[in-house]
Amino acid sequence: DGGITQSPKYLFRKEGQNVTLSCEQNLNHDAMYWYRQDPGQGLRLIYYSQIVNDFQKGDIAEGYSVSREKKESFPLTVTSAQKNPTAFYLCASSIAPGSSRGKLFFGSGTQLSVL
Amino acid sequence: AQSVTQPDIHITVSEGASLELRCNYSYGATPYLFWYVQSPGQGLQLLLKYFSGDTLVQGIKGFEAEFKRSQSSFNLRKPSVHWSDAAEYFCAVGPFPGGYNKLIFGAGTRLAVHP
């Protein structure tokens with residue numbers, strides 16, 4: 001079955017440590033996104049990528065980095081510069097941005113907590 | 001600035017009762033509007049969307065929503081709620097000029113269903 005796989009389901013970060021969240025999709029979608037979800041705040045866009053080797057900052061990119069070396073993969077690194085990383089992170093994808101008009105497919109998320 | 005407001009943080013209904021979840025938006029042009037549903041610890045699933053045309057849109061799982069331009073609203077309704085509808089519901093607006101599928105999400109409404 002086609003879909004988006006996020007791993008791990010739960011992740012713990014120590015002070016000063018960088019951690020990487022994995023996102024893989026086999027939907028052949030061009031665009032991929034990372035959202036952060038905090039209780040009572042909805043979803044906020046961290047980074048997005050419309051094609052391979054290209055990505056753009058979203059609304060809350062500080063303290064995060066991404067890469068898009070393959071169409072299927074869009075890993076998110078939470079760096080030590082992100083001082084409040086505890087949140088639920090959601091990866092999403094869509095067909096070419098102009099054609100799908102907002103229909104996003106989401107992974108099941110990664111809960112990141114600080115030790 | 002574009003924004004989405006979901007006035008009700010938490011709603012409880014009895015199984016079999018009708019449901020209406022409120023959504024108000026602020027957007028400078030004709031919006032694309034969405035309702036997504038999220039089960040605990042999971043990603044989001046698209047329930048329905050409005051792009052243009054008939055202002056009453058039908059979605060999956062028996063949900064419908066009505067776009068009212070004069071009230072800047074896009075309320076979600078269901079005539080008879082089932083226990084499996086207990087989840088968090090997000091209203092979203094977008095995408096925005098520029099082509100990428102950036103959506104602005106509301107803070108969500110958590111629905112509890114009593115037997």
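Refer to the structure presented above.
This report concerns the structure included in the present document. These numbers were taken from a predicted model, which means no experiment stands behind them.

On to the overall build of chain A. Assigned secondary structure in chain A consists of one helix and 11 strands. Ordered by position from N to C terminus, the α and β elements of chain A give β-β-β-β-β-β-β-β-β-α-β-β. A globule of 115 residues ought to have a C-alpha radius of gyration of about 13 Å, and chain A, at 13 Å, matches this closely. Projected onto its principal axes, the C-alpha positions of chain A cover 40 × 25 × 25 Å.

In this section: the overall build of chain B. The helix and strand tally for chain B stands at zero helices and 12 strands. Secondary structure of chain B in N-to-C order comes out as β-β-β-β-β-β-β-β-β-β-β-β. In terms of overall dimensions, chain B has a C-alpha envelope of 45 × 30 × 25 Å along the principal axes. Each of the 115 residues in chain B was classed as buried or not, and the buried ones make up 50%. Residue pairs at least 24 apart in sequence account for 53% of intrachain contacts in chain B once pairs closer than 6 positions are excluded. Surface summary for chain B: the accessible area is close to 5300 Å², and the carbon and sulfur share equals 49%. Of the charged side chains in chain B, 9 are positive and 8 negative; the average position of the first set lies 7 Å away from that of the second.

Bringing the pattern of salt bridges into the picture now. Residues and elements named next belong to chain B. Scanning the entire structure with this criterion turns up eight salt bridges over all chains. When the shortest N-O distance is used, the salt bridge between Arg77 and Glu64 registers 3.2 Å. Of this pair, Arg77 sits in strand β9 (residues 73–78) while Glu64 sits in strand β8 (residues 64–68), and the two are 13 residues apart along the sequence. In this structure, the salt-bridge partner of Lys78 is Asp85, at a minimum N-O distance of 2.8 Å. For Asp85, a relative accessible area of 3% gives the class buried.

To continue, consider the state of the cysteines. Scanning the entire structure with this criterion turns up two disulfides over all chains. For Cys23 of chain A, the disulfide goes to Cys91 of chain A, at an S-S distance of 1.9 Å. Since a negative S-S torsion denotes a left-handed disulfide, the Cys23 of chain A-Cys91 of chain A link at about -75 degrees is left-handed. Of the two residues, Cys23 of chain A sits in strand β3 (residues 19–25) while Cys91 of chain A sits in strand β9 (residues 87–94), which places them 68 residues apart along the sequence. What makes Cys91 of chain A buried here is its relative accessible area of 0%. The disulfide bridge from Cys23 of chain B ends at Cys91 of chain B, spanning 2.0 Å between sulfur atoms. Classification of the bridge connecting Cys23 of chain B and Cys91 of chain B rests on its S-S torsion, roughly -65 degrees, and on that basis the disulfide is left-handed. Of this pair, Cys23 of chain B sits in the loop between β3 (19–21) and β4 (24–26) while Cys91 of chain B is found in strand β10 (residues 87–93), placing the two residues 68 residues apart along the sequence. The buried category is assigned to Cys91 of chain B, whose relative accessible area is 0%.

Reading the values: the criteria
- Residues numbered from 1 in each chain as written.
- Chains lettered and ligands numbered in written order.
- Predicted model: local features only at pLDDT ≥ 70, side-chain atom pairs only at ≥ 80, totals over all residues.
- Heavy atoms only, no water.
- Helix = DSSP H or I, 4+ residues; strand = E, 2+ residues; numbered from the N terminus.
- Rg over C-alpha atoms; globule rule 2.2 N^0.38 Å.
- Buried < 20%, exposed > 50% of the residue type's maximum accessible area, 1.4 Å probe, protein only.
- Contact = heavy atoms within 4.5 Å.
- Areas by Shrake-Rupley, 256 points an atom, 1.4 Å probe, with all protein chains shown as cover.
- Lys, Arg positive; Asp, Glu negative; His and termini not counted.
- Charge placed at Lys NZ, Arg CZ, Asp CG, Glu CD.
- Salt bridge = Lys/Arg side-chain N within 4 Å of Asp/Glu carboxyl O.
- Disulfide = S-S within 2.5 Å.

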